[in-house]
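# Examining the three-dimensional arrangement
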Amino acid sequence: MRVILLLLFFWGVPAQDAADSEAQEWFSKAEALIGTPSEFSDEQIEYFQKALELQPELAAAHFNLALIYRHRSEFDRAAEHVEHLIQAYPDDGRAYHLRAQLALDQGQDEAAIPDLELAVERSPEDYLIWSVLGQLYYNFRRFEEALNAFNRVLELNPSPVEAYFSLALTHYALGHVDAAIQNAEKYVNQLPDDFEALYFLGIVYRQAGKTDLALTTLLKAEALQPNDPQLASALGNLYLERDEAEEARKRFERAGGDSPQNLANLGVLAKEQGRPEEAVRYLRRALEGDPKNALILAHLGDLYAELGRDGEALDAYQRALQSNPDDFDSLLNLGSMMANYEELDEAKSLFTRALELRGDSGLANFHLGLTLERQGQAGAAQAHYLRAVSSDLEGVAKARAHFRLGVLFARQGEGGQAIDHLGTAFSLEPEKYVPIVINDLKNIHTEFDPIRYSGAFNDLLEKYREYWEFKEE
């Protein structure tokens, strides 16, 4: 982002530099060519040069010659006249500004910054110079300085609406999401058909969790440029988050191309819509372009596991963890597969790594508890089961964790806690866990021997008498 300044053919000449009559005549002849086909011509240069031969310190002639040579891309000659102005008028900001413009013309953006700083120091009320300086600060990631520059622009002249968008971008770069939104809204309110601003504002709304506003704003941008691939991808992701699968599919297809991101999005969408084989095809194509993408590999592992293609699932999860050792979901999924294959030490290691990332994960604690119990470490398993049921564990895992706790506490003769956890398991899945206990009690020795004759235990079983019959699945 950069503001282009149009510099006028004018330099206010102090009284002591008033040109003699002949020099003024040559200057006037040169000035008369402005706006004609002879503007920037050799003829115009000749007239200004003749004025300088008669009056070497004529600032307006130096200034205009610098502009002519700049226009002709003869930067060395332009610089000679700018240097003359700086030497003659070191307190005038316009010469430093012009030297900065020469640097910018030649792609020397960073070199322009010191001259622009000198220019605003000498001409602090020139909002145009502040604007260019702000853009350069932003480009070189000097965001705090850019923020100050753009604020100065609006203090000096509230009318440049572009400054609001520049402020929005700068606040966003600094992580000031609310301020970015406020300034982008001011800009869009005045220029409602600016595609880039609408796209930016929609993205920031989404980041701020304002998904309805994000959708409305991005749809306005889509009405302006319906085939923009980046916008289509952003809308696809937003619709995917909102569980509007068909709208998401339309945008991902509109995004077009074979980019790994777009193919992966289409794969995730097919997966969520229950088309696993199609999802696998998309994700495999995505991997061809980005073979080490941990997220794509993790999704692919999930799909292979769902399809019963365990070998491929193992490979995908392992590759995902090679690319991103901190992929929590892949650690859990690979750990579960290792446990199923009786690779208990490897499973334990994977679940432990998962808990190092998210110590309060109910699912990770649950799986580690199962693994430890299978390794004969009942005490450690019990501790992890307790952490699991006290956190975010849900569904069948929650019922199973409570059941295992009921068993472990029963072994220890802790009747009250055993019955509490068994009662929870029964309430969640009575058809599964009540018959297991009833059938176990038919044996001479059971895990429930320490509590089998307690009134509370038998009262609990009696409450679920309708589930006593074991049904084979």
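Up top is the structure.
Note that the structure is a prediction, hence the values are computed from the model and not measured.

Calculation criteria
Residues numbered from 1 in each chain as written. Predicted model: local features only at pLDDT ≥ 70, side-chain atom pairs only at ≥ 80, totals over all residues. Heavy atoms only, no water. Helix = DSSP H or I, 4+ residues; strand = E, 2+ residues; numbered from the N terminus. Buried < 20%, exposed > 50% of the residue type's maximum accessible area, 1.4 Å probe, protein only. Contact = heavy atoms within 4.5 Å. Areas by Shrake-Rupley, 256 points an atom, 1.4 Å probe, with all protein chains shown as cover. Lys, Arg positive; Asp, Glu negative; His and termini not counted. Charge placed at Lys NZ, Arg CZ, Asp CG, Glu CD. Salt bridge = Lys/Arg side-chain N within 4 Å of Asp/Glu carboxyl O. Expected span 1.5 Å × (residues − 1). Arc of directions from axis to C-beta. Polar contact = N/O pair within 3.5 Å; in protein donor to acceptor, adjacent residues only side chain to side chain.

Quick look at the overall build of the protein chain now. Each helix and strand in the protein chain was counted, giving 26 helices and zero strands. The principal-axis extents of the C-alpha atoms in the protein chain amount to approximately 125 × 40 × 40 Å. Taking all 473 residues of the protein chain together, 47% fall into the buried category. In the protein chain, 50% of the contacts between residues at least 6 apart in sequence involve partners at least 24 apart. With an accessible surface of roughly 23600 Å², the protein chain has 48% of that area assigned to carbon and sulfur atoms. Between the averaged position of the 44 positive side-chain charges in the protein chain and that of its 79 negative side-chain charges there is a distance of 7 Å.

The next thing to look at is unusual backbone geometry. One non-glycine residue with positive phi stands out, namely Ser73, at about 60°. Classification of Ser73 by relative accessible area gives partly exposed; the value is 47%. Despite not being glycine, Glu342 has its phi angle at roughly 65°, a positive value. With respect to the secondary-structure elements, Glu342 resides in the loop between α19 (328–340) and α20 (344–357). Under the relative-accessibility criterion, Glu342 is labelled exposed at 52%.

So, on to the pattern of salt bridges. If you walk through the whole model with that rule in mind, you get 30 salt bridges. The closest approach of N and O atoms between Glu117 and Arg142, which form a salt bridge, is 3.5 Å. Placement of the pair is Glu117 in helix α6 (residues 109–122) and Arg142 in the loop between α7 (127–139) and α8 (143–156), with a sequence separation of 25 residues. Residue classification places Glu117 among the partly exposed residues on the basis of a relative accessible area of 28%. Arg319 is paired through a salt bridge with Asp315; the nearest N and O atoms lie 3.8 Å apart.

A word on helix α22 (residues 378–389). Taking 1.5 Å per residue as the helical rise, α22 with its 12 residues ought to reach 16 Å, and the 16 Å between its terminal C-alpha atoms agrees with that figure. Along α22, the positions that sit buried rather than exposed are Ala381, Gln382, His384, Tyr385, Ala388 and Val389. Angularly, the buried residues of α22 cover 170° about the axis, an arc narrow enough to put them on a single face. Those residues of α22 that are buried are in contact with α20, α21 (362–374) and α23 (395–411).

Attention shifts here to the side chain of Gln55. Mapped onto the elements, Gln55 comes out in the loop between α2 (42–54) and α3 (59–71). A distance of 3.1 Å separates the side chain of Gln55 from the backbone nitrogen of Asp20, its partner in a polar contact.

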